Amino acid sequence: MARRRASKKKTTRRRKPKFNALNAAQTYLQTAIITQAAFRVTPIEFVTGRQSITTVKQNQLGQTTGISTSTGYQPVVNGSAITLPELFGMDKDNGFAINVGGYSQFGNGGFKAMGEAVRKNIELNGGYMKPIVQTAVLNIGFTVGKKLFRKQLSGVRKGLKMSGLSKDVTV
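Criteria and cut-off values
Residues numbered from 1 in each chain as written. Predicted model: local features only at pLDDT ≥ 70, side-chain atom pairs only at ≥ 80, totals over all residues. Heavy atoms only, no water. Helix = DSSP H or I, 4+ residues; strand = E, 2+ residues; numbered from the N terminus. Expected span 1.5 Å × (residues − 1). Buried < 20%, exposed > 50% of the residue type's maximum accessible area, 1.4 Å probe, protein only. Arc of directions from axis to C-beta. Contact = heavy atoms within 4.5 Å. Axes fitted to C-alpha atoms, helices over the stretch in contact; angles between N-to-C directions. Parallel < 35°, antiparallel > 145°, perpendicular 65-115°, else oblique. Nonpolar A, V, L, I, M, F, W, Y, C, P; charged D, E, K, R; others polar.

**Things to note about helix 5 (residues 129-148)**
Three- or four-residue spacings in an α-helix give side chains the same orientation, since the helix completes a turn every 3.6 residues. Helix length check: helix 5, at 20 residues, gives a terminal C-alpha distance of 28 Å against a target of 28 Å (1.5 Å per residue), a fit within 8%. Within the span of helix 5, buried status applies to P131, L138, F142 and G145. One side of helix 5 carries all its buried residues, which in axial view fall inside an arc of 75°. Exposed positions of helix 5 whose direction lies more than 90 degrees from the buried face are M129, V137, I140, K147 and L148. Among the structural elements, helix 1 (21-39) are those in contact with the buried residues of helix 5.

Written out as structure tokens, the structure is:
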């Protein structure tokens, strides 16, 4: 009978993991593609629920007389923008809807309505292929960019080293 190997002790990690700024940028852009396609908001708007909604004011002749922008938490009735607070039912106040967007289990139509809204958003944003193509182009772009700008990235790494940040941050 063959001898059993003694169980190896797990090796401990010697270096603390660093924050990679390029990987963080790529992840944010990837998230932006997905949230824009499915929810019609940016990642920050999706998490916070705060949106900037711009409306154009027109006179009776159809001429533009002004533009107004409002920023804040604004769930919109039957709106196509879906945010995380809406999904968790934060569009409620004492059990009553406030400007209902309502895709939570408590809102108008619940999760079934949210699924339909996501499908409609994807269709409005160019179908399923557009985010897939954007994702592929983004990943290819970052891969090629890292190779093309190797010399410049090396200079940035040297600058981080001189400033003492190379222990925590890399590019």
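Next, the rest of the story.
**A closer look at the packing of helix 5 against helix 6 (residues 150-163)**
It is the contact of helix 5 with helix 6, at a shortest axis distance of 5 Å, that shows an interaxial angle of 75°. One finds that helix 5 runs roughly perpendicular with respect to helix 6. Across from K146, K147 and L148 in helix 5, the residues of helix 6 making contact are R150, Q152 and L153. Grouping the amino acids of the contact of helix 5 with helix 6 by side-chain chemistry returns 2 nonpolar, 1 polar and 3 charged.

**Side note on the packing of helix 1 against helix 5**
Remark: helix 1 packs on helix 5, axes separated minimally by 10 Å, with the N-to-C direction vectors making an angle of 170°. Here helix 1 lies roughly antiparallel to helix 5, going by the angle between them. Contacts from L22, N23, A25, Q26, L29, Q30, I33 and A37 in helix 1 reach P131, Q134, T135, L138, N139, F142 and K146 in helix 5. Taken together, the residues of the contact of helix 1 with helix 5 break down into 8 nonpolar, 6 polar and 1 charged.

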